[in-house]
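# Reading the structure
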Amino acid sequence: FDFLSRFLFSKRAGAVIRRISWLTLGGLTISVAALILVLSVMRALNHRIEERTLAADPHLWVQVPGASVRALETHPVLEKIRSYHGWRVYPEETQDAILRTQDGRFQGGVARGLTEDGLRDLIHGVEQMAAKQNSPTARAREKNPLFDESALESGEIILGVDLAHSLGAYEGDSLMVIPPESLLLPAGESPKFEKVRVKRILTTNIADVDAKNLFYIRGKTMNALRDSPSRQQAFVVWTDNSK
């Protein structure tokens, strides 16, 4: 301030210097204010994206090589992770899949098999994020809950909204799930497949989830494709966000 008052804004500096100084100071003030505003908006946006992403995707993916489906349910690693306060852990299986509609449309996706508790927590997390935004989806789901206590029955799936849009599929439609290695079969040989029904269409506002994922209850669905090389089993972990 002493420099400004003695040199740039003093009477000896002249009218031109003072005018240039005022214009420069005003430009710097506007630039810094714009920078602070943009940083604040981007930080809030990044925080919103992070919350929304972690509602559908886990913090950790813990894979146990060689563990069978039954062994995964009672594995010591599962009990160890559950001992941490505030951590949620569930067995999950994933595999690549090709979806085919009755009209002959094809689309690739990722099938995620969760336990009933794991799927319930995932859906509730997505609904809580939508409720914070007071979105039309949240208001619609208040009248028609996405997930009830009966969970999904055998042969039923939840489909991402963008994946459903690309397939032209609606709730109640039947789809055929084919493993990707079936594309390598010789002509005339029938591939393995499983017929499923779309029970609900899920909107998470996360591009990767809405455009690629379908969810089902492990052990109830996709049993015909259990031997697919792309199937992987692991524990999905949500840690305590308060720390």
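Residues numbered from 1 in each chain as written. Predicted model: local features only at pLDDT ≥ 70, side-chain atom pairs only at ≥ 80, totals over all residues. Heavy atoms only, no water.

This part takes up the overall build of the protein. For the protein, the helix and strand inventory stands at eight helices and eight strands. Summarising the internal contacts of the protein: among those between residues at least 6 apart in sequence, 74% fall at separations of at least 24. Taken as a whole, the protein presents about 14,700 Å² of accessible surface, with 58% of it coming from carbon and sulfur. (Helix = DSSP H or I, 4+ residues; strand = E, 2+ residues; numbered from the N terminus. Contact = heavy atoms within 4.5 Å. Areas by Shrake-Rupley, 256 points an atom, 1.4 Å probe, with all protein chains shown as cover.)

Let us now look at the pattern of salt bridges. As enumerated under the stated definition, the model contains nine salt bridges in all. Among the ionic pairs, E116 bridges to K220, the shortest N-O distance being 3.1 Å. Pair noted here: E116 is in helix α5 (residues 116-133) and K220 is in the loop between β7 (213-217) and β8 (232-238), with a separation of 104 residues, a long-range link. Salt-bridge contacts for K192 lead to D227; the nearest nitrogen and oxygen are separated by 3.9 Å. Remark: D227 occurs in the loop between β7 and β8 and K192 occurs in the loop between β5 (174-178) and β6 (194-202); sequence separation between them is 35 residues. Given the relative accessible area of 67%, D227 is considered exposed. Look at the salt bridges and you will find they share partners, linking E93, R218 and R231 into a network. (Salt bridge = Lys/Arg side-chain N within 4 Å of Asp/Glu carboxyl O. Buried < 20%, exposed > 50% of the residue type's maximum accessible area, 1.4 Å probe, protein only.)

If you check helix α2 (residues 15-56), its first and last C-alpha atoms are 62 Å apart, about what 42 residues at 1.5 Å a residue would give, namely 62 Å. Listing the buried residues of α2 in full gives S21, R52, A55 and A56. (Expected span 1.5 Å × (residues − 1).)

What follows is about the pairing of β7. Summarising burial for β7: five of the five residues are buried, a large majority. Residues N213, F215 and I217 of β7 are buried on one face, and the alternating residues L214 and Y216, pointing to the opposite face, are buried as well. Alignment of strand β4 (residues 156-160) against β7, held across two bridges, turns out to be antiparallel. When the bridges of β7 are listed, L159 appears paired with L214. (Pairing = 2+ DSSP bridges.)

Moving on to the nonpolar core. Core analysis: the biggest nonpolar cluster contains 18 residues, and I157, L159, L175 and L214 have the highest contact counts within it. Of all the secondary-structure elements, those providing two or more residues to this core are β2 (88-101), β4, α7 (161-167), β5, β6 and β7. When near neighbours in sequence (up to four residues on either side) are disregarded, L214 contacts L99, V110, A111, R112, I157, I158, L159 and M222. If you look at the next biggest cluster of nonpolar residues, it comprises 13 residues, including L119, L122, I123 and I217. (Core = buried A, V, L, I, M, F, W, Y, C linked by side-chain atoms within 4.5 Å.)

Taken together, the side chains of V38, M42, L45 and I49 present a nonpolar region at the surface, about 330 Å² in accessible area. With respect to the helices, strands and loops of the structure, L45 is situated in helix α2. (Patch = residues over 30% accessible without salt bridge, like charges linked within 9 Å, V, L, I, M, F, W, Y side chains within 5 Å.)

Here we take up unusual backbone geometry. Positive phi values are uncommon outside glycine, yet N205 reaches one of about 60°. Within the fold, N205 resides in the loop between β6 and α8 (207-212). Located in the positive-phi region is M222, a residue other than glycine, with phi close to 65°. By the secondary structure assignment, M222 is in the loop between β7 and β8.

Attention shifts here to the environment of M222. A relative accessible area of 0% means that M222 is categorised as buried. When the C-alpha atoms of M222 and E156 are compared, they prove to be 9.8 Å apart, with 66 residues separating the residues in sequence. When residues no more than four places from it in sequence are discounted, the contact partners of M222 are A111, V177, E194, L214, Y216 and R231.

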